[in-house]
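# A look at the structure
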Amino acid sequence: MNITVPTLLVDKDKCYTNIKFMSDKAKKNNLIFRPHFKTHQSIEIGNWYREFGIDKITVSSLRMAEYFANDGWSDITVAFPVNVLEIERINSIAEQITLNLLITSHEAITILNEKLKSKVNFFIKIDTGTHRTGINPENTNAINSILSESIENDKLIFKGFLAHSGHTYKASSVEEIKTIHNEELRIMNGLKTEYIKEYPEIICSVGDTPACSLLDNFEGMDEIRPGNFIFYDLQQWKIGSCSMDKIAVAMACPVVSKNDERKEILIYGGGVHFSKEVSTLDDGTPCFGYVVKLNESGWELPNEKNYIRALSQEHGLIKASDDFYNGIKIGDIVGVLPIHSCMTADCMKKMFTLDGE
């Protein structure tokens, strides 16, 4: 493949390994596996999942739901609080497929009640500690208010409770991830116990990548929805969700300049390609990605002395070890393992397998 501009590379074999790992875990725990497709946003990569018998997916927007519905995915959860201004799109998609929406307020369910033309399933989003969105699990008045409103309309079908403990992404240890996950299970099982008599087919849906990657206890849960695991990234590696060899994407970037004085390499690859998600080295130095040498089978494991220290719109500045710096010349292509692969894929809009697909 002739690379001349920043190009996102995907190691298909690693992706297959990662999908199989998570699919097997779901089967072992008797869970519905509904992977989140916002990580790759690709019909082609979506088809890789079909080879493992997966037929239910999660997305983060109605536009994304349309995109995958047009490729034959017929059971889609939009894991984002319903945007009532998109009611026409909701009705259009719900005519074609099983559409599952997220409700976080009485106001939203009231508007749906008035304007829905086709049946939709809905989950009530529960805040299990991230404090981004969702209903406080102790606020049963709010939950009951939503359920009471939905009873009036046979187009609104209550499916259960959905949670995303995204604060695992900021955990500093596997033990902390386990603590967060166990609290999520406690909350969700409590709700399930309270409502299962009235709603015997209730589903509890969870699934952040760190917990799903590292833990095996999903007692009482019915469904998991991890997404980032297909690619993983440096953020996941740093918190212990994966080993470095499981990271399945790297950005290929042209080397355009070198500074002998600072031992820095300038690449064509900036914030518009990676986003500006940042991590830190052990000494607290900002890091926007580890730099790797590309080879015929993909890329080498990184030396942590070679990293992007700064990003601007189109530029990336690599701080390099002497050996790496001396082995690179202008016109070479280097690889960068991203901090957050979901954001990087979204910035790039397209990617290539190592075989050039």
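Just above sits the structure.
All figures in this text were calculated on a predicted structure; none of them were measured in a lab.

Let's shift gears to the sheet that holds strand E3 (residues 57-59). Taken together, the 8 strands give an open sheet; going across it, the order is E2-E9-E8-E7-E6-E5-E4-E3, and neighbouring strands pair in parallel fashion. In this open sheet, the two strands that pair with only one neighbour each are strand E2 (32-33) and E3. Sheet analysis places strand E6 (residues 120-126) next to strand E7 (residues 156-163), joined by 7 bridges and oriented parallel. Of the residues in E7, the one forming a bridge with Ile126 is Ala163.

With that settled, the discussion passes to the pattern of salt bridges. All chains considered together, the criterion is met by 16 salt bridges. Between Arg262 and Glu264 there is a salt bridge, and its shortest N-O distance comes to 2.9 Å. When its relative accessible area of 3% is taken as the criterion, Glu264 is described as buried. Between Asp346 and Lys349 there is a salt bridge; the shortest N-O distance is 3.6 Å. Judged by its relative accessible area of 30%, Asp346 falls in the partly exposed class. Of the residues examined, Lys349 reaches a relative accessible area of 63% and is grouped as exposed. When salt bridges with common partners are traced through the structure, they connect Arg262, Glu264, Arg309 and Lys319 into a single cluster.

As a further point, take the environment of Ile328. Relative to the elements of secondary structure, Ile328 occurs in the loop between helix H11 (322-326) and strand E19 (333-337). Sequence separation between Ile328 and Ile203 is 125 residues; the distance between their C-alpha atoms is 54 Å. Contacts of Ile328, omitting those with residues within four sequence positions, involve Val255, Lys258, Ile265 and Val334.

E6 sits mainly inside the fold: 7 of its 7 residues count as buried. Where burial is concerned, the two faces of E6 agree: the one with Val120, Phe122, Ile124 and Ile126 and the one with Asn121, Phe123 and Lys125 are both buried. Looking at chain direction, strand E5 (residues 98-103) and E6 are connected through 4 bridges and run parallel. Bridging from a neighbouring strand, Leu101 pairs with Phe122 of E6. Handedness of the crossover joining E5 and E6 through helix H5 (residues 106-115): right-handed. Handedness of the β-α-β unit built from E6, helix H6 (residues 140-151) and E7 comes out right-handed.

So, on to the environment of Ile97. In this structure, Ile97 sits in the loop between helix H4 (87-96) and E5. The buried category is assigned to Ile97, whose relative accessible area is 10%. Sequence-distant contacts of Ile97, that is, excluding residues within four places in its chain, are made with Ala69, Trp73, Ser74 and Ile76.

This part is about unusual backbone geometry. At His131, a position not held by glycine, the phi torsion is positive, near 60°. On the accessibility criterion, His131 (64% relative accessible area) is exposed. Its identity is not glycine, yet Lys263 carries a phi of approximately 55°, on the positive side. Of note, Lys263 is situated in the loop between strand E10 (249-259) and strand E11 (264-268).

Rules used in this analysis
- Residues numbered from 1 in each chain as written.
- Predicted model: local features only at pLDDT ≥ 70, side-chain atom pairs only at ≥ 80, totals over all residues.
- Heavy atoms only, no water.
- Pairing = 2+ DSSP bridges.
- Helix = DSSP H or I, 4+ residues; strand = E, 2+ residues; numbered from the N terminus.
- Salt bridge = Lys/Arg side-chain N within 4 Å of Asp/Glu carboxyl O.
- Buried < 20%, exposed > 50% of the residue type's maximum accessible area, 1.4 Å probe, protein only.
- Contact = heavy atoms within 4.5 Å.
- Right-handed = clockwise from strand over helix to strand, strands pointing away.

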